[in-house]
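Structural characterization, general
For reference, the chains in residue letters:
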Amino acid sequence: MFMADIAGVRVLYTGDYSREEDCHLCAAEIPQFSPDICIIESTYGVQLHQPRNVREKCFTDVIHSTISQGGRVLIPAFALGRPSVVMASPSGLQSGLSRQLFEMWCSEKKNACVIPGYVVEGTLAKTIINEPKEVTVMNGLTAPLNMQVHYISFSAHADFAQTSTFLKELMPPNIILVHGEANEMGRLKQKLITQFADRNTKIISPKNCQSVEMYFNSEKMAKAIGRLAEKTPEVGETVSGLLVKKAFTYQIMAPDDLHVFSQLSTTNISQRITIAYSGAFGVLKHRLKQMFESVVSLPDEESEGPAFRVHERLTVKYESEKHISLH
């Protein structure tokens, strides 16, 4: 998952996530900052996973039991396995090797099929979970379904308990449900509406390709720190400093405090521009005096030659008969 800051609005996108640690993946962490919008997957809707130790024991028991009676175990997944226990793709049993093996083994009671993850509506894997007496094979004919079918999910998607707890800790004002079957997403939305009934939480479950528009106040809050925080400003008083964005927070500080509260530092850059000018230097000064209020001559020892300063910002210096410099 990742957090994006767009013009001060924090958007958290979870992607596929799980709050349960397993042998392969760490549990998803709670972000440090609460988002304004949480776009969260709803794959399992309101379903609850069994404890992992229960699923693992059930999984190994099915394999041992099936093999001990001379049967074969088909695990529709995304990798290949061994002769007696075969992991074959695709996971939905729509086609390919997993479908071929299923049709070869489905009529024998000693065989088993273990569905190890989420199954999509309309696939054969979803159909056989309900254990029908027969199934339609690839050639259009029917075959008896005598093999054992076990649904033991090790899917790396959050269930309702994880999703509910995750959102309670984050407390985002806006929740967008994605990546879920319509009915499950609808049930999840209703449960979350009930769960956040005492808060002004907006929960949206858009359809595929449906645009979602949200409007936010563009005001940003900045915390004064260091020397700027030593004195409370009066109402209407202007506070001048450097605005520093750190992660998702804004701080305003005096330039001299920059190296104390951040890894940044300040420096001065002097820039000088040389311009071709062959006229009288005094005439140039006279012309500028007519345009600007403050044009002050500088002592020769300070400027090392004829020079004047305009509004205490720009120094004009005589360099040669054909050039002047601005800095």
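This structure, assessed with the given rule, holds 6 aromatic pairs. Judged by centre distance (5.4 Å) and plane angle (80°), the rings of Tyr 44 and Tyr 118 are edge-to-face. On the criterion of sequence distance, the pair formed by Tyr 44 in the loop between strand 3 (37-41) and helix 1 (52-68) and Tyr 118 in the loop between strand 6 (112-115) and helix 3 (124-129) is long-range, its members being 74 residues apart. On the basis of relative accessibility, which here comes to 2%, the residue Tyr 44 falls in the buried class. Put simply, the rings of Phe 281, Phe 308 and Tyr 318 pair up and form one aromatic cluster. Against the face of Phe 160 rests Lys 191, its NZ or CZ located 4.8 Å from the ring centre.

The contact between helix 4 (residues 160-170) and helix 5 (residues 182-195) brings their axes to 12 Å, and the two run at 40°. Classified by the interaxial angle, the pair formed by helix 4 and helix 5 is oblique. Pair helix 4 / helix 5 crosses with right-handed handedness. Judged by residue contacts, Phe 160, Ser 164, Leu 167 and Lys 168 of helix 4 engage Leu 188, Lys 191, Leu 192 and Gln 195 from helix 5. Here the contact of helix 4 with helix 5 is composed, by residue class, of 4 nonpolar, 2 polar and 2 charged.

On average, the chain scores 88 in pLDDT, and the residues at 70 or more come to 97%. Within the chain, strand 10 (residues 174-178) carries the highest mean pLDDT (95), whereas helix 8 (residues 300-303) carries the lowest (70).

The next point concerns the pairing of strand 2 (residues 9-13). In terms of residue burial, strand 2 counts as a mostly covered element, since 4 of its 5 residues are buried. Note: strand 1 (residues 2-6) against strand 2, 5 bridges, orientation antiparallel. The residue of strand 2 that forms the bridge with Asp 5 is Arg 10. Between strand 1 and strand 2, which pair antiparallel one after the other, the connecting turn spans 2 residues, and Ala 7 there sits at a positive phi close to 55°. Bridge analysis of strand 2 against strand 3 gives 3 bridges, and the strand direction is parallel. Bridging from a neighbouring strand, Tyr 13 pairs with Ile 39 of strand 3.

With that out of the way, let us pick up the pattern of salt bridges. Overall, the coordinates contain 12 salt bridges when judged by the stated rule. The shortest N-O distance in the salt bridge between Glu 184 and Arg 187 comes to 3.1 Å. Of this pair, Glu 184 and Arg 187 both sit in helix 5, 3 residues apart, which is roughly one turn of the helix. The class of Arg 187 is partly exposed, set by a relative accessible area of 44%. The residue Arg 227 makes a salt bridge to Asp 256 at a minimum N-O spacing of 3.3 Å. Here Arg 227, found in the loop between strand 12 (223-224) and strand 13 (242-246), pairs with Asp 256, found in the loop between strand 14 (249-253) and helix 6 (258-261); they are 29 residues apart in sequence, far enough to count as distant. Here the salt bridges do not stand alone but share partners, grouping Glu 20, Arg 52, Arg 55 and Glu 56 into one network.

A few words now on helix 5. Taking 1.5 Å of rise per residue, 14 residues should cover 20 Å, and helix 5 covers 20 Å from first to last C-alpha, within 8% of that figure. Of all the positions in helix 5, only Glu 184, Met 185, Leu 188 and Leu 192 are classed as buried. Projected onto a plane normal to the axis of helix 5, the buried residues spread over an arc of 95° and lie on a single side. Away from its buried face, by an angle of more than 90 degrees, helix 5 presents the exposed residues Ala 182 and Thr 194. Packing partners of the buried residues in helix 5 comprise helix 4, strand 10 and strand 11 (202-204).

Reading the values: rules and limits
- Residues numbered from 1 in each chain as written.
- Predicted model: local features only at pLDDT ≥ 70, side-chain atom pairs only at ≥ 80, totals over all residues.
- Heavy atoms only, no water.
- Phe/Tyr/Trp six-rings, centres within 6.5 Å; stacked < 30°, edge-to-face > 60°.
- Helix = DSSP H or I, 4+ residues; strand = E, 2+ residues; numbered from the N terminus.
- Buried < 20%, exposed > 50% of the residue type's maximum accessible area, 1.4 Å probe, protein only.
- Lys NZ or Arg CZ within 6 Å of the ring centre and 35° of its normal.
- Axes fitted to C-alpha atoms, helices over the stretch in contact; angles between N-to-C directions.
- Parallel < 35°, antiparallel > 145°, perpendicular 65-115°, else oblique.
- Left-handed = near helix turned anticlockwise from the far one by under 90°.
- Contact = heavy atoms within 4.5 Å.
- Nonpolar A, V, L, I, M, F, W, Y, C, P; charged D, E, K, R; others polar.
- pLDDT = per-residue confidence, 0-100.
- Pairing = 2+ DSSP bridges.
- Salt bridge = Lys/Arg side-chain N within 4 Å of Asp/Glu carboxyl O.
- Expected span 1.5 Å × (residues − 1).
- Arc of directions from axis to C-beta.

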